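These are the residues of each chain, in order.
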Amino acid sequence: MKTQVCIIGGGPSGLLLSQLLHLKGIDTVVLERQSRDYVLGRIRAGVLEQGFTELMREAQCGERMDREGEIHEGFELSDNGVMRHVDLEKYTGGSTVMVYGQTEVTRDLYEAREKLGGVVIHNVEDVALHDLNTDTKPYVTYTLNGEEVRVDCDYVVGADGYHGPSRKAIPADVLTEYEKVYPFGWLGVLSRTKPVNPELIYAKHDRGFALCSLRSQVLSRYYIQVPLTDSVEDWSDEAFWDELKKRLPEDVAARLETGPSIEKSIAPLRSYVAEPMRWGNLFLAGDAAHIVPPTGAKGLNSAASDIYYLYHGLVAHYQNGDDSGLDSYSQKALARVWKAQRFSWWMTSILHTFPDNLPYDQKLQGTDMEYLFSSEAAMTSLAENYVGLPY
Ligand code: FAS
Ligand code: PHB
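In the annotation of an unreviewed UniProt entry, the protein chain is listed under the name 4-hydroxybenzoate 3-monooxygenase and assigned to Pararhodobacter zhoushanensis.

Student: Mind showing me how you'd approach the site of ligand 1 here?
Tutor: Taken together, 30 residues surround ligand 1, and among them Ser13, Glu32, Arg42, Arg44 and Gln102 come closest. A distance of 2.5 Å separates an oxygen atom of ligand 1 from a polar atom in the side chain of Gln102. Relative to its unbound accessible area of 990 Å², ligand 1 is 85% covered by the protein chains. Contributions of two or more residues to the shell around ligand 1 are made by helix H1 (12-22) and helix H9 (299-320). Tallied by class, the residues present in the shell around ligand 1 amount to 14 nonpolar, nine polar and seven charged.

Student: Honestly, the site of ligand 2 in this entry has me stumped. Any pointers?
Tutor: The environment of ligand 2 is made up of 14 residues, and the closest members are Tyr202, Ser213, Arg215, Tyr223 and Pro294. Side-chain polar atom of Arg215 to an oxygen atom of ligand 2: 2.7 Å apart, as the coordinates give it. Measuring from an oxygen atom of ligand 2, one finds a backbone N or O atom of Pro294 at 2.9 Å. Isolated, ligand 2 exposes 280 Å² of accessible area, and the fraction of that covered by the protein chains is 98%. Per element, the largest residue contribution to the shell around ligand 2 is three residues, and it comes from strand S15 (residues 210-216). Among the residues forming the shell around ligand 2, the class breakdown is eight nonpolar, three polar and three charged.

Student: Help me out: how do you make sense of the pattern of salt bridges in this one?
Tutor: Within this structure, the stated rule accounts for 22 salt bridges. Residue Asp237 is joined to Lys264 by a salt bridge in which the shortest nitrogen-to-oxygen separation is 2.7 Å. Separated by 27 residues along the polypeptide, Asp237 in helix H7 (residues 237-247) and Lys264 in strand S17 (residues 261-275) bring together distant segments of the chain. Residue classification places Asp237 among the partly exposed positions, given a relative accessible area of 23%. On the basis of relative accessibility, which here comes to 22%, the residue Lys264 falls in the partly exposed class. Residues Asp251 and Arg255 are paired through a salt bridge, measuring 3.9 Å at the closest nitrogen-oxygen approach. Taken as a pair, Asp251 and Arg255 lie in helix H8 (residues 250-255) at a separation of four residues, close to a single helical turn.

Student: When you look at H7 in this model, what are you seeing that I'm missing?
Tutor: Residues that lie three or four places apart on an α-helix share one face, since the helix turns once every 3.6 residues. For H7, every residue scored as buried is listed here: Phe240, Trp241, Glu243, Leu244 and Arg247. Along H7, the residues classed as buried sweep out an arc of 165° about the axis, all on the same side. Residues of H7 that are buried make contact with strand S13 (176-191), strand S14 (201-204), S15 and strand S16 (219-226).

Thresholds, definitions, all that
Residues numbered from 1 in each chain as written. Chains lettered and ligands numbered in written order. Predicted model: local features only at pLDDT ≥ 70, side-chain atom pairs only at ≥ 80, totals over all residues. Heavy atoms only, no water. Near = heavy atom within 4 Å. Polar contact = N/O pair within 3.5 Å; in protein donor to acceptor, adjacent residues only side chain to side chain. Areas by Shrake-Rupley, 256 points an atom, 1.4 Å probe, with all protein chains shown as cover. Helix = DSSP H or I, 4+ residues; strand = E, 2+ residues; numbered from the N terminus. Nonpolar A, V, L, I, M, F, W, Y, C, P; charged D, E, K, R; others polar. Salt bridge = Lys/Arg side-chain N within 4 Å of Asp/Glu carboxyl O. Buried < 20%, exposed > 50% of the residue type's maximum accessible area, 1.4 Å probe, protein only. Arc of directions from axis to C-beta. Contact = heavy atoms within 4.5 Å.

The structure is reproduced here in structure tokens:
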């Protein structure tokens, strides 16, 4: 099989890039390890930056998002029951975020690929990357139903997430990895209940962090911080709702509509960056290159800016023979990735309880919250990072 760009990974990064390139006449093949239903069954991100929504519209995938997604002009920050509003629109001069689940984003992308006849091959196994940094062109091999297939291409894009093979194809003496593991995870619940609040509530509490989010007016998404030693089996629905209520302001807890969980999972929190994001004719994008704790809603949104840079670099290469975008991809993508890393670390640091925190550290957390609400500059910094820094 021959193509121009072989993309490993049929998550949002891989699908969005393949759709954008297709519309520019650039041929791609997407190789995905799982079935489409499995990919769509993963419940992940919920908040989209404007940069992401604009890319989705450019990819001709924004129609349902604009119809069903919710524009949010701010969110609430609660500190041990005292809730205060963060006015994103005011502090950014008009920017907002879109609340629309990653599952729906991925569904829209799959349907768009199908409509254009895009090549997305599911259930592939044994994906291996070859000749990434030689004078010859790269190729990728995989097996499907026991048969080995070879894909000859100009470029390989590793959009295969943290556990995929692409990053591992970069020699250890070339790759530098930066990691920070947090001593807790997020227990998330999806429930067919009316969201407790029109906007998201990020709740700092001595018992631990909690987040009230949503997917629609009839589908709510909630999280509570839990120790890494916990497992989903430790948490009945009733126990989850009781603990969530304890971490929310009393009036919010009183109006919380509870119901059976239709999805319940624990995600560990980690900050991770791999550099460089290019090696020869291999480009890494999204979770294949970086991971953030979900506190700042930057995981999916960092993937979007990678895709933006890579998309424009590949179009310039194929349409004008201009390689400047590809040559600067890693440096440009990482510059924005690290700012998202910083913001995600900062939001996580001020909102969660850390088992080893000293009383001094706890005082600093409280001071950070007070400084936010006493300084236009501090609030502007929070708001501009949350809505998404420029690409
Ligand atoms: P993905 O991991 O989504 O997709 C990679 C794809 O590559 C997968 O479909 C995988 O099956 C495939 N793949 C892997 N190995 C392969 C192989 N060998 N061959 C072929 N295909 C292979 N972000 C937020 O902003 N907010 C959140 O609340 C949030 N919650 C999250 C919860 C969890 C449990 C996880 C893991 C992530 C969460 N994220 C969240 C981050 C998440 O949204 C990612 O940023 C987003 O999925 C990135 O998309 P991709 O880069 O496409 O990676
Ligand atoms: C979600 O709705 O899943 C969500 C929203 C905001 C975050 C993290 C997760 O910061």
